[in-house]
Amino acid sequence: MLINPSSPHSDDGWLARNIVDPSLKISEPIVLETKQLHVYYGDNEAIHEADLKFLEHQISALIGPSGSGKSTFLRSLNRMNDGVARVTGEILYRGVDVNRSEIDVYEMRRRIGMVFQRPNPFPKSIYDNITFALKRRGITDKQTLDEAVETSLKQAALWDEVKDQLKKSALALSGGQQQRLCIARALAVKPDILLLDEPASALDPVSTSKLEETLLQLKNDYTIIIVTHNMQQAARISDYTAFFNMGWALEYDETSQIFTSPQVQLTNNYVAGDFG
Ligand SMILES: Nc1ncnc2c1ncn2[C@@H]1O[C@H](COP(=O)(O)OP(=O)(O)OP(=O)(O)O)[C@@H](O)[C@H]1O
């Protein structure tokens, strides 16, 4: 779908010359789009000119070797890198650049929520974890809060496991349950997009599989962008996959295409397990 024409790998003879404009193939609305995105840590340019489009109610996976810039890219999308990295170019959320100075960052992050690599529930009850952000937004009606807890725990496929122990400490849950609680917490404020940075890396295979099922359910209502080291996971759950290498978003296409006939040799080598 998209090959970065200015990457240093563009001339390796493996690239198709007829670069396809992603807009020709897509039917779903674009929810989030980066244009000419560069991200710098001091003098180190960690992301070089990334132009990616993320489609509504699709799961997009970001894959690539360690240090290739996946997390940097992801964290830039809702400005989690503010104060840490310098960003140039545009990040358009439904057409509005999230880096504009007048953007309400708190509200933007409500719409573009994030779940981190390690489950990080607050040291509070399950119920309080979910209602925390709602109360901060001034919602105090018990019935509204109760409904939000039930709905988001159901969406995160955790309700049946915890419905009788909502006052229990979140820290007493298993790692997999904690991660689904963090997803429920992110969902409680009704986001539009969920960014997930290797959410299964600390989980066992059973919890990972449960998390993947949850994400597949969630894509009916949310747009999901997930960083993963696990290529089987990307292949199992994502609709689109972007391959990052050395800060370049080298290739971006339908996941089946990336895993069966990528157009860039490095993508092919990576998905074949030759490096990374
Ligand atoms: N906070 C930071 N300060 C300075 N440099 C950073 C920071 N975070 C990341 N980098 C650098 O940016 C580059 C990209 O790192 P990043 O963590 O985005 O890659 P990644 O593909 O997510 O790696 P991994 O798969 O290991 O998590 C690396 O060179 C890394 O050292």
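All of the points below concern the structure found in this document. Because the structure is a prediction, the values reported are computed rather than measured.

What about the overall build of the chain?
Within the chain, the regular secondary structure consists of 10 helices and 12 strands. Relative to the compact-globule value of 19 Å for 276 residues, the chain shows a C-alpha radius of gyration of 19 Å, a close match. Structurally, the chain occupies a C-alpha span of about 60 × 45 × 35 Å along its principal axes. When the 276 residues of the chain are sorted by exposure, 53% land in the buried category. In the chain, the proportion of contacts linking residues at least 24 apart, taken out of those at least 6 apart, comes to 68%. Accessible area for the chain stands at about 12,300 Å²; split by element, carbon and sulfur atoms hold 49% of it. Each charge class in the chain was averaged separately, 29 positive and 36 negative side chains, and the resulting centres sit 7 Å apart.

Looking at the environment of Asn129
With respect to the helices, strands and loops of the structure, Asn129 is situated in helix H3 (residues 126–136). In sequence terms Asn129 and Leu181 are 52 residues apart; their C-alpha atoms lie 8.0 Å from each other. Separated by 2.8 Å, the side chain of Asn129 and the backbone nitrogen of Phe122 make a polar contact.

Topic: unusual backbone geometry
At His57, a residue that is not glycine, the phi angle is positive and equals roughly 60°. With respect to the helices, strands and loops of the structure, His57 is situated in the loop between strand E4 (53–55) and strand E5 (59–63). A relative accessible area of 32% places His57 in the partly exposed class. The phi torsion at Ala157 lies on the positive side, around 60°, for a residue other than glycine. Its place among the elements puts Ala157 in the loop between helix H4 (142–155) and helix H5 (159–162).

Thoughts on the packing of aromatic side chains
Scanning all chains against the criterion turns up six aromatic pairs. With 5.9 Å between their ring centres and 55° between their planes, Phe54 and Tyr252 make a pair best called tilted. Of this pair, Phe54 sits in strand E4 while Tyr252 is found in strand E12 (residues 248–254), placing the two residues 198 residues apart along the sequence. Neither residue differs from the other here; Phe54 and Tyr252 are each classed as buried. Each ring, one from Phe122 and one from Phe132, has its centre 4.9 Å from the other, and the planes form 55°; the classification is tilted. Taken as a pair, Phe122 in the loop between strand E8 (112–115) and H3 and Phe132 in helix H3 lie far apart in primary sequence, 10 residues in all.

Quick notes on the rules
- Residues numbered from 1 in each chain as written.
- Predicted model: local features only at pLDDT ≥ 70, side-chain atom pairs only at ≥ 80, totals over all residues.
- Heavy atoms only, no water.
- Helix = DSSP H or I, 4+ residues; strand = E, 2+ residues; numbered from the N terminus.
- Rg over C-alpha atoms; globule rule 2.2 N^0.38 Å.
- Buried < 20%, exposed > 50% of the residue type's maximum accessible area, 1.4 Å probe, protein only.
- Contact = heavy atoms within 4.5 Å.
- Areas by Shrake-Rupley, 256 points an atom, 1.4 Å probe, with all protein chains shown as cover.
- Lys, Arg positive; Asp, Glu negative; His and termini not counted.
- Charge placed at Lys NZ, Arg CZ, Asp CG, Glu CD.
- Polar contact = N/O pair within 3.5 Å; in protein donor to acceptor, adjacent residues only side chain to side chain.
- Phe/Tyr/Trp six-rings, centres within 6.5 Å; stacked < 30°, edge-to-face > 60°.

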